[in-house]
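# Coordinate analysis (summary)
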Amino acid sequence: MNKTYGCIFDIQRFSLHDGPGIRTTVFFKGCNLRCFWCHNPESINLQPEIQIYSHKCVMCGRCITACPQNAIHKNSKSFVFSRDLCIKCGKCVDACYSNARVMAGKTVSALDVMSQIIKDEPFYHDNQGGVTFSGGEPMLQSGFLKTLLIACKEKEIHTAVDTAGNVSFEKFNEIAPYTDLFLYDIKCIDENKHKQVTGSNNKKILSNLLQLDNIAKEIIIRVPVIPGMNDTEEDMHMIGDYLKSFKRITKVQLLPFHNMAESKYESMGMEYKAKGLSAPKKERMQELASVISSYGLNAIAVS
Amino acid sequence: MTNGFTYADRLDALLTAKRAQTEKKFLKFGRTLDLDDRGNLVAPDDFVFTPIPNHKSNGFFGPYACGLNYKKLLHEHPVTVDENACLLGSWMVMLIDYKKPLWNPDISYAHLHKEQKMYDIVHGIGGVQHFLADYSLGLQLGFNGIRDKIAFYEKDCDVSKKEFYQGLAACVEGIYDYITRHIAKARELAEQVADTVKADNLRMLADMSEELLKRPAKTFHEAVQWMAWFLVVGDMYNGCASAVGDIDRILKPYYDNDIKQGILTEEQAIFYICNLLIIDNAYCQIGGCDEFGNDNTNELSHIVLEAVHRMKIPASVCVRVHENIDKNFYYKAVKYLLTDRTGSPNFIGDKAMTEGFMKNGYSRKLAVSRVKCGCHWCAIPGKEYTLNDIVKINFVAVFDTAFKEMMNSGQEPSVELLWDTFIKHINKAVAVTAEGMDFQIEHMHEVFPELLMDLLCEGPIEKGLDASNGGLEYINLCVDGAGLAVVADSFAALEKRIEKNKQITWDQIDKALKNDYKGYEDIQLMMKNSDHYGNGGTIADTYAENIVKEFVAAVKKEPTPKGYNMIPGLFSWANTIPMGKAVGATPNGRLAYTPISHGANPLPGFKDSGALTACANAVASVQCGYGNTVPIQLEINPVTLKGEEGIRTMMTFISVYLNKMGGTLMNINIMDKEKILDAHKDPSKYPDLIVRVTGFCAYFALLSEDFRKLVVDRMINE
């Protein structure tokens, strides 16, 4: 386990929103979709990268001295960071004690991750609490993921994998025996729209779900509700209709769009494409959930 | 019952009267309260009490002088009767507030001053009560039984003990006088009220209290009335009746008997308990188990919980959690915590409390009988002198002493040397604390004996010895440490920034601290953003664990010089502000004279996310392990834990922490961040807002600004 490495960007303890009970969520870095509203922009690239929170910067200049690439320069009011020169060595982050420069993502061994996971182990065993592997797309690091899942099952910890499903089904075959719950994201059913909003069509995603229904222990579908993308009754009818005959789906959760990620985009020097969109209202979320419920599914609007 | 005189209407009226009292307190004292809301009424402006001195300092000392002055106070103190009440009893002031000076200046402990000050020790000399009376014993004896018992033992006593018995007898005379005046007041009011139902109720209450002066309580209503009387008169002495203990066990025989006879309903019982807790916000334990692990939860556990839930006033009810606790009861307790948002109940863990106390050499049977009855503490009813939650050692002051000593020693400074110096001073601080407690036990009875507690304990009347002077069977003295996180984080920051990363020198940090970081803001930021105790696995966590190990070893290595057992714990109570004011800037980036960290909690904001389980792990890892608590204080935003799922999650969280991780006590605030921020700006907008400050809950609007800020800072960093 200490020889299997992966790249993660966060481990969240006392996580209550990614599966049942009290959980620890491990966020894998790297995703092969490019959803324009992505709530975790730091999860997209597979490699570690630098995040800058300029409001914390005290302009001490230690990062400039530390950078071997001369990628940081001072202008009259602030520091300018040339990301194209950055080799992600992290020396500027080590030098920064005001936490203005943070490394998003780090390469860790499965053992490192397990040592974090077991910290809250006593809390997992009630109400199906446990561990959720999320991201990013955890299935892109399936070897690392599988090692962690097996390690959890050895300790009888409930496991969940939060996936967008855009990988070969082989990967699901590999991990399904050690996964108690799949949190499976469905953005929309229309293939062209899916390509338009995520950069990828959903053929593989939908066919994987169909096959997964035969081997998974339990599946919870998660639908991010994005204004203008999938927030009409029609969108929900399509999703409800598609999901109605699956056997292992116990719940469909509708997750509202939020714009709390904006500052993260800024910190990573990325353009925020969902700017100006506002979060759907609670009542609207409930209306949409009731459409899906009308197909005999247990749909819940998460607030 | 007639219209307008239902239990619900009467409770509403009593609560309205309580709100009016809260308003009065605000008008009279402003926002200055740093204490529990105890249930006492505001004394009229023209009420003056002048004690009779027996000493040139103008103070009064010793059993007889204290007894006489108590009797005088009870004779002069105004009495009030509420026509909606189901219990008589009211109180406004305490004798101790008029005891100036509190300590007899002839009995000097100047030889301890230097070190007490150096380590900022709250030494406990002059500390009153903070142990537990035995209400079962009191109910069994009744006031007449207590009076007869004093007379019996006084008759042939040694002449040296005469004064003690005279003091006790004076107290009982005062109590008879005070109750009799309430009875007269009730009869007087009965004549005045137009409503015959109300008049009959008042006459019935007067008759009942009259009976209770002649014999012990027989019914549930009488038992609750008797408790109310003792709470009132006990608090009027030195606040000593702020605790009842395991109320559900104490009242159970009366409840069962009345139910069997068909003279009591559950609604009646709830109303009586409500009225009791309005008269005095007493610390109670409910739930728990016997020595074999059988659940103690009974109908009264539910009734007490229900009473607190209905009133939503600051309460001090604690649920004792164990593996076999009644699931419905536990569910209800957690549900009320989450939905009432008054910080009540709090939760104590039977496992760690019982097994820890047994490590002092006591049986399991005795250990389970040691019940929760104060902010953070337990005591054996009527048998144990404890000085609980009084004696505190400020770890931050000890650290400061060690740091200065090292920097001035001429030796090459290092974290290792600092650690050794710190441990040396921890041991010295414990030693001087122990001496102080011996001094208290030797002399307190000559200054301000525990006369009211003596009435309800086993031993003092029999032996003619005050509870503070060896009158009780057990003495287990509580020694708490405070400010753990500040010291742990300071050590970690020094190790990281000076020795590991070599970013600054000892000389630089020394100058930065001496200048309170003025001109050294970058160093402050650097120190502040080092490792924090609470995250788990950091050097700061290791320091915290080691500090506690050394502290426990220092407390447990030997008893006090006079041979009394000491029990370590970690709790700052509300002393975080004064203790902070005693110490300059610290290497964790803390500015001079600002508050120290709360109890054993990590510093607010120690972790960006997932702090609840991290905090639970951290505080579980620094338990002292001898049956005194190391409480965890948690601030939880209600959006985190919603609905049924939220209740289940919290049930898991609490039971895992207390049953599996070795946790002792959990104090939890469920509080809306926006609401608390708004209330801080304008407290008058939220007169009913209750927060858990620490081991106690209080009206937010009555707290001093410093205290409000403390609570707010914890919340916004949640």
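Read on for a plain summary of the structure. (Residues numbered from 1 in each chain as written. Chains lettered and ligands numbered in written order. Predicted model: local features only at pLDDT ≥ 70, side-chain atom pairs only at ≥ 80, totals over all residues. Heavy atoms only, no water.)

It is worth spelling out the overall build of chain A at this point. In terms of helices and strands, chain A carries eleven helices and 13 strands. Taking 2.2 N^0.38 as the reference for a compact globule, 303 residues should give roughly 19 Å; the C-alpha atoms of chain A span a radius of gyration of 20 Å, in line with that estimate. Seen through its C-alpha atoms, chain A measures out along the principal axes to roughly 60 × 45 × 30 Å. A fraction of 69% describes how many contacts in chain A between residues 6 or more apart in sequence connect residues 24 or more apart. If the 36 positive side-chain charges of chain A are averaged to one point and the 32 negative ones to another, these points end up 6 Å apart. (Helix = DSSP H or I, 4+ residues; strand = E, 2+ residues; numbered from the N terminus. Rg over C-alpha atoms; globule rule 2.2 N^0.38 Å. Contact = heavy atoms within 4.5 Å. Lys, Arg positive; Asp, Glu negative; His and termini not counted. Charge placed at Lys NZ, Arg CZ, Asp CG, Glu CD.)

Once that is clear, we can look at the overall build of chain B. For chain B, the count of helices and strands is 27 helices and 14 strands. Its C-alpha radius of gyration of 26 Å places chain B within 12% of the 27 Å reference for a compact globule of 718 residues. Overall size of chain B, expressed as C-alpha extent along the three principal axes, is 80 × 65 × 55 Å. Per-residue burial over chain B gives 64% buried out of 718 residues. Counted over contacts in chain B with a minimum sequence separation of 6, partners at least 24 positions apart contribute 76%. In the form shown here, chain B has an accessible surface area of approximately 25,100 Å², with 52% of it arising from carbon and sulfur atoms. Across chain B, the centroid of the 76 positively charged side chains sits 1 Å from that of the 93 negatively charged ones. (Buried < 20%, exposed > 50% of the residue type's maximum accessible area, 1.4 Å probe, protein only. Areas by Shrake-Rupley, 256 points an atom, 1.4 Å probe, with all protein chains shown as cover.)

Each neighbour pair has its own omega, and for A:Gly135 with A:Gly136 the value is 10 degrees, a cis peptide bond. With respect to the element layout, A:Gly136 can be found in the loop between β8 (130–134) and α5 (142–154). With an omega of -5 degrees, the peptide bond running from B:Ser344 to B:Pro345 counts as cis. By the secondary structure assignment, B:Pro345 is in the loop between α12 (327–340) and β4 (346–349). One non-glycine residue, B:Lys312, lies in the positive phi region at around 50 degrees. Considering the arrangement of structural elements, one finds B:Lys312 in the loop between α11 (299–311) and β3 (317–321).

Residue and element names in this part refer to chain B. Read from one edge to the other, the open sheet built from six strands follows the order β1-β2-β3-β4-β12-β11, with strand pairing classed as mixed. With one partner strand each, in any of the chains shown, β1 (243–245) and β11 (632–636) form the two edges of the open sheet. For this sheet the average axis-to-axis angle between neighbouring strands, irrespective of direction, equals 25 degrees. (Pairing = 2+ DSSP bridges. Axes fitted to C-alpha atoms, helices over the stretch in contact; angles between N-to-C directions.)

All right, on to the packing of helix α3 (residues 110–118) of chain B against helix α16 (residues 415–447) of chain B then. All names here are of chain B. Running from N to C, α3 and α16 point in directions that differ by 145 degrees, and their axes come no closer than 10 Å. In the packing of α3 onto α16, the handedness of the crossing is left-handed. Residue-level inspection shows His 111, Leu 112, Glu 115 and Gln 116 of α3 in contact with α16, the latter providing Lys 428, Val 432, Glu 435, Gly 436 and Phe 439. Across the contact of α3 with α16, the residue classes break down as three nonpolar, three polar and three charged. (Left-handed = near helix turned anticlockwise from the far one by under 90°. Nonpolar A, V, L, I, M, F, W, Y, C, P; charged D, E, K, R; others polar.)

Let's shift gears to the interface of chain A and chain B. With 18 residues of chain A in contact, the opposing surface of chain B contributes 28 residues. By the criterion of area lost to chain B, the three top residues of chain A are A:Phe14, A:Tyr97 and A:Phe123, representing 34% of everything that side buries. Applying the counting criterion to the chain A and chain B interface returns zero salt bridges. Where chain A touches chain B, the interface holds twelve residue pairs in polar contact (both at pLDDT 80 or more). Mapped by element, the contributors of at least two residues to the side of chain A that touches chain B are β1 (5–15) and α4 (121–124) of chain A. Sort the elements by how many residues they give to the side of chain A that touches chain B and β1(A) lands first, with three residues. The class makeup of the residues in the side of chain A that touches chain B is eight nonpolar, five polar and five charged. (Buried area = accessible area lost by both parts, 1.4 Å probe. Salt bridge = Lys/Arg side-chain N within 4 Å of Asp/Glu carboxyl O. Polar contact = N/O pair within 3.5 Å; in protein donor to acceptor, adjacent residues only side chain to side chain.)

Bringing the packing of helix α26 (residues 673–681) of chain B against helix α27 (residues 705–716) of chain B into the picture now. All names here are of chain B. Two elements in contact, α26 and α27, have axes separated by 10 Å at closest approach and are oriented at 160 degrees. Overall, the two elements α26 and α27 adopt an arrangement that is roughly antiparallel. For α26 against α27, the interelement crossing comes out left-handed. Touching Lys 673, Ile 676, Leu 677 and His 680 of α26 are Glu 705, Arg 708, Lys 709, Val 712, Met 715 and Ile 716, all from α27. Here the residues of the contact of α26 with α27 sort into five nonpolar, one polar and four charged. (Parallel < 35°, antiparallel > 145°, perpendicular 65-115°, else oblique.)

All names here are of chain B. Per the stated rule, a full pass over the model turns up 51 salt bridges over all chains. Between Glu 76 and Lys 72 there is a salt bridge, with its nearest N and O atoms 3.1 Å apart. In this pair, Glu 76 and Lys 72 are both assigned in helix α2 (residues 63–76), four residues apart and thus about one turn of the helix distant. Glu 76 gets classed as partly exposed once you look at its relative accessible area, which sits at 34%.

Keep in mind these numbers describe shape, not what the thing actually does.
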